Amino acid sequence: MRIDFDPARCDRNTFYRLMTSTVVPRPIAWVSTTSAEGTDNLAPHSFFTISCVEPPVVQFTSVGRKDSLRNIEDTGAFVVNFAPEPLFEQINATATDFPRGISEFDTVGIEREASLRVKPPRVAASPVALECELHSTVRLGDSTVVFGRVVHAAVDAAVMTDGHPEVTRLAPLSRLGKDEWGTLGEVREISRVPYTEWQGRGQAG
């Protein structure tokens with residue numbers, strides 16, 4: 001038996017909670033920006049993914065008009081800092097609705113690191129930072145999708161294995177429903193099956 005939900009008949013928060021509890025796990029973009037007045041902002045956004053490979057573009061969604069969005073619109077730059085498990089409490093703290101003009105870096109006590117290609121700083125303790133220039137934005141109802149062209153990536157050597165970031169060393173956090181967060185858990189590997197092998201299986205059968 002299924003329970004039906006009609007978004008046209010549900011209130012906004014009910015359907016929001018439904019979507020964020022079923023579209024899981026969601027990677028976290030820990031976005032650092034700098035306002036036009038020079039205040040550094042830091043906030044987690046869990047509507048986040050890769051948009052394009054060539055050129056490299058990532059995207060996150062600002063639900064409502066948050067400081068991250070305003071700063072990016074004003075300055076055209078941001079950094080996506082990787083959200084690792086050891087920084088769980090700090091990441092959650094930067095989700096607090098601090099008034100505009102207050103820096104989460106300073107208030108929460110997070111060490112900055114200078115970026116190479118953009119003005120907003122990186123999170124020094126984050127193992128990966130994607131420095132981005134604003135590509136474009138798309139307004140969808142009460143939210144804005146932000147597309148950023150990655151102009152530089154900085155990766156901690158400690159998480160690299162054979163020239164590639166190793167997932168257990170990265171220890172990614174993810175968002176689930178309600179106030180729930182996810183950690184990496186079991187890692188399983190399986191190779192994709194080429195079509196020629198599927199053909200072979202069919203002929204063999």
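Anything mentioned here points back to the structure above.
Rules used in this analysis
- Residues numbered from 1 in each chain as written.
- Predicted model: local features only at pLDDT ≥ 70, side-chain atom pairs only at ≥ 80, totals over all residues.
- Heavy atoms only, no water.
- Helix = DSSP H or I, 4+ residues; strand = E, 2+ residues; numbered from the N terminus.
- Buried < 20%, exposed > 50% of the residue type's maximum accessible area, 1.4 Å probe, protein only.
- Contact = heavy atoms within 4.5 Å.
- Areas by Shrake-Rupley, 256 points an atom, 1.4 Å probe, with all protein chains shown as cover.
- Lys, Arg positive; Asp, Glu negative; His and termini not counted.
- Charge placed at Lys NZ, Arg CZ, Asp CG, Glu CD.
- Pairing = 2+ DSSP bridges.
- Axes fitted to C-alpha atoms, helices over the stretch in contact; angles between N-to-C directions.
- Salt bridge = Lys/Arg side-chain N within 4 Å of Asp/Glu carboxyl O.
- Core = buried A, V, L, I, M, F, W, Y, C linked by side-chain atoms within 4.5 Å.

1. Let's talk about the overall build of the chain
Part 1 of the argument: On a plain count of helices and strands, the chain comes out with six helices and 14 strands.
Part 2 of the argument: In terms of its C-alpha atoms, the chain occupies a principal-axis envelope of roughly 70 × 50 × 30 Å.
Part 3 of the argument: Counting over 205 residues, the chain shows a buried share of 37%.
Part 4 of the argument: Taking all contacts inside the chain whose residues are at least 6 apart in sequence as the whole, residues at least 24 apart take part in 57%.
Part 5 of the argument: Just so you have it, the chain exposes about 12700 Å², and 52% of that area is on carbon and sulfur atoms.
Part 6 of the argument: A distance of 6 Å separates the average location of the 21 positive side-chain charges in the chain from that of its 27 negative side-chain charges.

2. Focus: the sheet that holds strand S6 (residues 77-81)
Part 1 of the argument: Pairing is antiparallel in the open sheet, where seven strands are placed in the order S3-S2-S6-S9-S10-S5-S4. The sheet is open, and its two edges are formed by strand S3 (40-45) and strand S4 (48-52), each paired on a single side. The mean angle between the axes of side-by-side strands here comes to 35°, regardless of whether they run parallel or antiparallel.
Part 2 of the argument: In this structure, S4 lies alongside strand S5 (residues 57-63), joined through four bridges in antiparallel fashion. Bridge assignment links Cys52 to a residue of S5, and that residue is Val57.
Part 3 of the argument: Sheet strands touched by helix H2 (residues 67-75): strand S2 (29-34), S3, S5, S6, strand S9 (128-140) and strand S10 (143-155). Its angle to S2, the strand with the most contacts, is close to 50°.

3. Quick word on the side chain of Ser143
Part 1 of the argument: Within the secondary structure layout, Ser143 lies in strand S10.
Part 2 of the argument: What makes Ser143 buried here is its relative accessible area of 12%.
Part 3 of the argument: What Ser143 contacts, discounting residues up to four positions off in sequence, is Thr61, Ser62, Val63, Gly64 and Val138.

4. Thoughts on the pattern of salt bridges
Part 1 of the argument: A full pass over the atoms with the stated rule returns 10 salt bridges.
Part 2 of the argument: The salt bridge involving Asp142 is made with Arg12; its shortest N-O contact spans 3.2 Å. Of this pair, Asp142 sits in the loop between S9 and S10 while Arg12 sits in helix H1 (residues 12-22), and the two are 130 residues apart along the sequence.
Part 3 of the argument: The class for Asp142 is partly exposed, based on a relative accessible area of 40%.
Part 4 of the argument: It is possible to trace a salt-bridge network through shared partners that takes in Asp40, Asp106 and Arg112.

5. Side note on the nonpolar core
Part 1 of the argument: In terms of nonpolar packing, the biggest core is built from 16 residues, with Val58, Phe60, Phe78, Val80 and Leu130 touching the most fellow members.
Part 2 of the argument: Within the residue set of this core, elements represented by two or more residues are S2, S5, H2, S6, S9 and S10.
Part 3 of the argument: With three residues, S9 is the single largest residue contributor to this core.
Part 4 of the argument: For Phe78, the contacting residues outside a window of four places in its chain are Val31, Ser32, Thr33, Phe60, Ile72, Val118, Pro120, Leu130, Glu131, Cys132, Val146 and Gly148.

6. Overview of the side chain of Ser68
Part 1 of the argument: For Ser68, the position within the fold is in helix H2.
Part 2 of the argument: Ser68 has contacts with Val31, Thr33, Asn41, Ala43 and His45, leaving out every residue within four places of it along the chain.

7. Here we look at the sheet that holds strand S1 (residues 26-27)
Part 1 of the argument: One open sheet holds the three strands; their spatial order is S1-S13-S14, and the pairing between them is antiparallel. The open sheet has two edge strands, S1 and strand S14 (181-182), and neither has a second partner.
Part 2 of the argument: Relative to S14, strand S13 (residues 174-175) runs antiparallel, the two sharing two bridges. By the bridge assignment for S14, Ser174 is matched with Gly182.

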